[in-house]
Amino acid sequence: MSNLIKKDKVIAYVVVSLGAVIMLAPFYFMFVFASHSNSGILSVPPPIFFGDYIVENFNTLIDFLPYFWHNIGLSLFVAVVTTILNLLFCSLAGYAFAMFDFKFKNFLFVGIMATMLLPPFLGMIPTAMIMSQIGWMNDPKALIIPAACGAMGIFMMRQFIASAIPKELVEAARMDGCREFKIYYRVVIPLITPAFGTLGLITFIGSWNNFMGPLVVMNDMKMFTIPLALRALQGTGQIPWGAVAIGAAIAVLPLLFLFVIASRRLIDGLTAGAVKG
Amino acid sequence: MNTTTSHKVSSTLHKVPPKKGSLWLRKGNKIAPYFFISPFFIIFGVFGLFPLLFSLYLSFHYWEPAAGLSAMEWVGLENYVFALQDEWFQKSIYNTVVIALKSGIPQHVVAIPLAFFIHTSFTRWRNTVIGVYFVPYITSTVAISLVFTTLFSRDFGMVNQVLTSLGNFTVADIHVLSWIFPVNNVDWARPEYTKDMISFVVFWRYVGWNTVLYLSALQTIPKDLYEAAIIDGANRYQQFWYVTLPLLKPMAFFAVTLTIIGNLQLFEEPFIITGGTGGIDQAGKTAAMHMYLTAFVESDFGTASAISWILFMMIAGLTWMNHKLLGGSNEE
């Protein structure tokens, strides 16, 4: 009996490990291809170890995408500003829902949560039209403002504030004559930095990876975010695969880095809505 | 505005005896929460709700974008009828459903046993293993789909290299695995394989996410249930079948719902993998892609809006059906 279990266990370990290899293989080959010439990548069998063509590939990438540095900067700018606004707005709203009693509170909260059921593609066409009407095409505002306060973030913040901050503490500050906003930034903010970390990471990653949003509002190559810039490489006849791979690596590397340093927090945060809801 | 003024007043009253101040503070206390939640409603009203209503309005109109917003013409349900009768739209729905099933079913069939195994057998490497399976979920879809395009290429792609080397694996001059694996390179760009390629990328991306959902559900199953089962002589498989699976049902309902919702709106993976065209014979064009192309390539915003609402109703309908079939009575 125990022998049978052991044998099963070994088989299962092997299967899980093989699966893990499949999960990681695309990343590995992305980095391998980033270091090989086009003809190297297009040979049979394809390269399975790192080459020495990184600099040339990067130069090719810059040839195809002359604004690549600008694209990176723009992606970073959009992601950072979106994140800061989300932290501010979501924590304020989460604080209100966790600590105050007010008329229509539950109704409003359910309403906010219900907006999560709206699929993003539904707003794609009208958003593009509205942005062009108000002159926000090719303007980072068009990506930042609509994404500045997400329902998911409000939910996370409410959960965290309700569990981390005793109501008495807020009451005490109020008794001492603290203004509401002062309570928020003197009492609440210092206590919710862990939630800021999680929500910040999630928002940053979501914005960095966003493709559908910029696809319909950014049509000037200079104003492309990284995903759009990478996609533009596809339309170039003979696709420079080495350059594509190094571009993809640049897009993915910061995410891998964040994941390695904060994987537990990211996994918990990203599945929080599903697990607790 | 009210809030800020009351704040100002309350701050000038800051040093007066607490009783008088608390009256102002109570008032501030009443208005403050509305002020705190207002950003969401302003942003959602302008960039969420208004676009939705506008798109609903648009879906009942014919509109030539070049002629300006005033040139809209009421056409009733014509856009909906046109979309539903359009054979390319029907095909895109078919593609979406096929990809949704081919990527969705394996996700759960793999994720449940994987979660069970990680839960029962990993201690030290647990977080590493979870991390490895989860990491595809956080990576840029565009970047990784481009990498997959290379891996799936016919003549030099790694996928074909691995598959054909397995297909050509010989024992005593017989290709023993050729009934599962191809002997020659597969042309993944061909219409009959495009959906498989897209499905694999989608599966790869979301299997870890589902595993984490099931893991969290497994952690809530009390240990004594397993102990009772062991006393009754249940082995590991029986424990899995008779204890774990029934108790995973609520989470399975929820995770499958999420998969349905997500898979029916697939856009990025097929868009990048087929180079924005839908592939040969539009075999990889999903409904969301069809909507995008109708709007931004054919400039038919009315029909595209109608398509988006049809798709939305399909998702809502399927979610509701799933609730009826799997949901039972007591879960949310």
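Reading the values: the criteria
Residues numbered from 1 in each chain as written. Chains lettered and ligands numbered in written order. Predicted model: local features only at pLDDT ≥ 70, side-chain atom pairs only at ≥ 80, totals over all residues. Heavy atoms only, no water. Axes fitted to C-alpha atoms, helices over the stretch in contact; angles between N-to-C directions. Helix = DSSP H or I, 4+ residues; strand = E, 2+ residues; numbered from the N terminus. Parallel < 35°, antiparallel > 145°, perpendicular 65-115°, else oblique. Left-handed = near helix turned anticlockwise from the far one by under 90°. Contact = heavy atoms within 4.5 Å. Nonpolar A, V, L, I, M, F, W, Y, C, P; charged D, E, K, R; others polar. Salt bridge = Lys/Arg side-chain N within 4 Å of Asp/Glu carboxyl O. Buried < 20%, exposed > 50% of the residue type's maximum accessible area, 1.4 Å probe, protein only. pLDDT = per-residue confidence, 0-100. Buried area = accessible area lost by both parts, 1.4 Å probe. Polar contact = N/O pair within 3.5 Å; in protein donor to acceptor, adjacent residues only side chain to side chain. Core = buried A, V, L, I, M, F, W, Y, C linked by side-chain atoms within 4.5 Å. Domains from an automatic or database assignment. Phe/Tyr/Trp six-rings, centres within 6.5 Å; stacked < 30°, edge-to-face > 60°. Lys, Arg positive; Asp, Glu negative; His and termini not counted. Expected span 1.5 Å × (residues − 1). Bend = angle between axes of the 7 residues up to and from the residue. 1 Å grid on protein atoms, 1.4 Å probe; cavity = no way out; pocket = protein on both sides within 12 Å on 5 of 7 lines; lining within 4 Å. Points joined across faces, edges and corners; volume = space filled by probe spheres on them.

What follows deals with the packing of helix 9 (residues 223–231) of chain B against helix 10 (residues 236–264) of chain B. Residues and elements named next belong to chain B. Contact geometry for helix 9 and helix 10: axes closest at 10 Å, N-to-C directions at 155 degrees. Judged on the interaxial angle alone, helix 10 and helix 9 are roughly antiparallel. The two elements helix 9 and helix 10 meet at a crossing, and its hand is right-handed. Residues Leu 225, Tyr 226, Ala 229 and Ile 230 of helix 9 pack against Gln 239, Val 243, Thr 244 and Leu 247 of helix 10. A per-class count over the contact of helix 9 with helix 10 returns six nonpolar, two polar and no charged.

A separate point is the pattern of salt bridges. This model, assessed by the stated rule, comprises nine salt bridges over all chains. Salt-bridge contacts for Lys 141 of chain A lead to Asp 139 of chain A; the nearest nitrogen and oxygen are separated by 3.2 Å. For Lys 141 of chain A, a relative accessible area of 36% gives the class partly exposed. The residue Lys 91 of chain B makes a salt bridge to Asp 281 of chain B at a minimum N-O spacing of 3.4 Å.

What follows is about the confidence of the model for chain B. Residues and elements named next belong to chain B. Across chain B, the average pLDDT comes to 85, with 89% of residues at or above 70. No element of chain B has a lower mean pLDDT than helix 1 (residues 2–12), at 45, and none a higher one than helix 12 (residues 287–296), at 94. When the criterion is pLDDT under 50, residues 1–21 qualifies, and its contacts beyond four places in sequence or with other chains add up to 16 contacts. Reported for the predicted complex are a pTM of 0.89 and an ipTM of 0.91.

At the interface, 88 residues of chain B touch 95 residues of chain A. When chain B packs against chain A, close to 8100 Å² is buried across both sides, 82% of that on carbon and sulfur atoms. At the surface where chain B touches chain A, the tally comes to zero salt bridges. Joining chain B to chain A, the criterion identifies 10 residue pairs in polar contact (both at pLDDT 80 or more). The element contributing the most residues to the side of chain B that touches chain A is helix 2 (residues 18–58) of chain B, with 20 residues. Across the side of chain B that touches chain A, the residue classes tally to 63 nonpolar, 21 polar and four charged.

Core analysis: the largest hydrophobic core is formed by 193 residues, its most contacted members being Tyr 95 and Ile 154 of chain A together with Phe 134, Ile 138, Tyr 214 and Phe 267 of chain B. Examining the composition of this core, we find that 18 residues originate from one element, helix 14 (residues 241–276) of chain A, more than from any other. A domain split of this core shows at least three residues from each of domain 1 (18–74) and domain 2 (82–152 + 188–330) of chain B. Apart from residues no more than four positions distant in its own chain, Phe 134 of chain B is found in contact with Phe 259, Ile 267, Leu 270 and Thr 271 of chain A together with Gly 208, Trp 209 and Val 212 of chain B.

This part takes up the packing of aromatic side chains. Going through the model one piece at a time under the given rule, you end up with 49 aromatic pairs over all chains. Residues Phe 27 of chain A and Trp 204 of chain B carry aromatic rings whose centres are separated by 5.6 Å and whose planes lie at 45 degrees to one another, so their mutual orientation is tilted. A residue pair is termed interchain when its members come from two chains, as with Phe 27 of chain A in helix 1 (residues 2–34) and Trp 204 of chain B in helix 8 (residues 191–218). Between Phe 40 of chain B and Phe 41 of chain B, the ring centres sit 5.4 Å apart and the planes meet at 85 degrees, which makes this aromatic pair edge-to-face. Accessibility expressed as a relative area gives 3% for Phe 40 of chain B, which makes it buried. Judged by relative accessible area, which is 32%, Phe 41 of chain B ranks as partly exposed. Counting every residue linked through ring pairs, the aromatic cluster contains Phe 27 of chain A together with Phe 148, Phe 152, Trp 188, Tyr 193, Phe 200, Phe 203 and Trp 204 of chain B.

The next point concerns the side chain of Lys 285 of chain B. Residues and elements named next belong to chain B. Tracing the sequence through the fold places Lys 285 in the loop between helix 11 (268–273) and helix 12. Lacking a salt bridge, the buried Lys 285 has Glu 298 as its closest oppositely charged neighbour, with an N-O distance of 5.7 Å. In this structure Lys 285 touches Ser 92, Asn 95, Thr 277, Gly 278, His 290 and Leu 293, once residues within four positions along its chain are discounted.

This part takes up helix 4 (residues 87–121) of chain B. Compared with the 51 Å implied by 1.5 Å per residue over 35 residues, the 50 Å span of helix 4 of chain B between its first and last C-alpha is a close match. Where helix 4 of chain B begins, one side-chain oxygen reaches toward the backbone nitrogen of Trp 88 of chain B, 3.1 Å away; that side chain belongs to Asp 86 of chain B.

Residues and elements named next belong to chain B. For helix 10, which comprises 29 residues, the first-to-last C-alpha distance of 36 Å sits more than 12% below the rise-based estimate of 42 Å (1.5 Å per residue). Of all the bends found along helix 10, the most pronounced is centred on Lys 249 and spans about 50 degrees, while Pro 250, a proline, follows it within four residues. Here helix 10 starts with a cap whose side-chain oxygen sits 3.0 Å from the backbone nitrogen of Tyr 237, and that cap is Asn 235.

On the secondary structure map, Ile 130 of chain B appears in helix 5 (residues 126–138). Judged by relative accessible area, Ile 130 of chain B falls into the buried class, the value being 5%. As a C-alpha pair, Ile 130 of chain B and Thr 294 of chain B span 164 residues in sequence and 40 Å in three-dimensional space. Sequence-distant contacts of Ile 130 of chain B, defined by excluding residues within four places in its chain, comprise Arg 264 and Ile 267 of chain A together with Ile 118, Val 212 and Leu 215 of chain B.

Moving on, we get to the layout of surface pockets. Approximately 1300 Å³ is the volume attributed to the second largest pocket. Looking at the second largest pocket, it is lined by 40 residues, and the ones nearest its centre are Val 15, Leu 18, Gly 19 and Ile 22 of chain A together with Tyr 133 of chain B. With 15 residues, helix 1 of chain A is the single largest residue contributor to the lining of the second largest pocket. Its residues assigned to classes, the lining of the second largest pocket shows 36 nonpolar, one polar and three charged.

This brings us to the domain arrangement of chain B. All names here are of chain B. Looking at chain B, the domain boundaries give domain 1 (18–74) and domain 2 (82–152 + 188–330). On the domain 2 side, the residues contacting the eight residues of domain 1 number seven residues. Taken over both partners, the interface formed by domain 1 and domain 2 buries close to 630 Å², and the fraction arising from carbon and sulfur atoms is 68%. Put simply, domain 1 and domain 2 have zero salt bridges between them. Where domain 1 touches domain 2, the interface holds one residue pair in polar contact (both at pLDDT 80 or more).

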